[in-house]
Amino acid sequence: MSQKKLTPSARKSLGEEIGKMAPTAVLVRILPSRRGSIYLFEEHFYRIFLDRKTEEEVARRVRRFFGGLADWRLAHDFYLPANELYLTPEPHQKGYIPEDDQSFGLVPARRIAISNGKFE
């Protein structure tokens, strides 16, 4: 899968914007709309439980920021510290359960985009 870099603008990074809504979040997992779930995880693989409205806003921002770079019919992970978007491993693959291999499923081959840019 090709990796693309996004261009910067004058505002805060996407990771910083999400950090305002979920200060301890490290990973955002966005499942396809038909499955209707958004999961946020802390550094030590603990799931963060937020109200549904906040979870949906986080997902909306990630989808809007990365736009057409991702096939949103599939699940994706946004890793806040590096501002990187990854294709989520399938349930039978290593990394789907974040703590199973201590990697959050962040394998370079699954990386879709690196955001060195800013959130608009």
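See the structure shown above.
Figured I'd write up the structure that's included with this text. (Residues numbered from 1 in each chain as written. Predicted model: local features only at pLDDT ≥ 70, side-chain atom pairs only at ≥ 80, totals over all residues. Heavy atoms only, no water.)

1. A few points about the overall build of the chain
Alright, step 1. Looking only at helices and strands, one finds 2 helices and 7 strands in the chain.
Alright, step 2. Beginning at the N terminus, the succession of helices and strands in the chain can be written as β-α-β-β-β-α-β-β-β.
Alright, step 3. Considering the chain as a whole, with its 120 residues, one finds that 48% of them fall into the buried category.
Alright, step 4. The long-range fraction of contacts in the chain, counting pairs at least 24 apart against all pairs at least 6 apart in sequence, stands at 61%.
Alright, step 5. Carbon and sulfur atoms make up 52% of the accessible area of the chain, which amounts to about 6,600 Å² in all. (Helix = DSSP H or I, 4+ residues; strand = E, 2+ residues; numbered from the N terminus. Buried < 20%, exposed > 50% of the residue type's maximum accessible area, 1.4 Å probe, protein only. Contact = heavy atoms within 4.5 Å. Areas by Shrake-Rupley, 256 points an atom, 1.4 Å probe, with all protein chains shown as cover.)

2. Quick word on the environment of Gln102
Alright, step 1. Take Gln102: it is sitting in the loop between β6 (84-87) and β7 (111-115).
Alright, step 2. Assessed through its relative accessible area of 55%, Gln102 is described here as exposed.
Alright, step 3. For Gln102 and His44, which are 58 residues apart along the polypeptide, the C-alpha to C-alpha distance reads 8.8 Å.

3. Notes on the packing of aromatic side chains
Alright, step 1. Summed over all chains, the structure comprises 3 aromatic pairs.
Alright, step 2. Summarising the aromatic geometry, the rings of Tyr39 and Phe41 are spaced 6.5 Å apart at their centres and angled 65° between planes, so their arrangement reads as edge-to-face.
Alright, step 3. A ring pair is formed by Phe66 and Phe78, whose centres lie 5.6 Å apart and whose planes are at 55°; its orientation type is tilted. With Phe66 in helix α2 (residues 52-66) and Phe78 in strand β5 (residues 76-79), this residue pair connects regions lying 12 residues apart in the sequence. (Phe/Tyr/Trp six-rings, centres within 6.5 Å; stacked < 30°, edge-to-face > 60°.)

4. Some thoughts on the pattern of salt bridges
Alright, step 1. Under the defined criterion, the tally for this structure stands at 9 salt bridges.
Alright, step 2. Among the ionic pairs, Glu55 bridges to Arg52, the shortest N-O distance being 3.4 Å. Separated by 3 residues within a single helix, Glu55 and Arg52 lie in helix α2, roughly one turn from each other.
Alright, step 3. With a shortest N-O distance of 3.2 Å, Arg52 and Glu56 are connected by a salt bridge. With a gap of 4 residues between them, Arg52 and Glu56 both fall in helix α2, about one helical turn apart.
Alright, step 4. Each of Glu17, Lys20, Glu57, Arg60 and Arg61 takes part in salt bridges that share partners, so that together they form one network. (Salt bridge = Lys/Arg side-chain N within 4 Å of Asp/Glu carboxyl O.)

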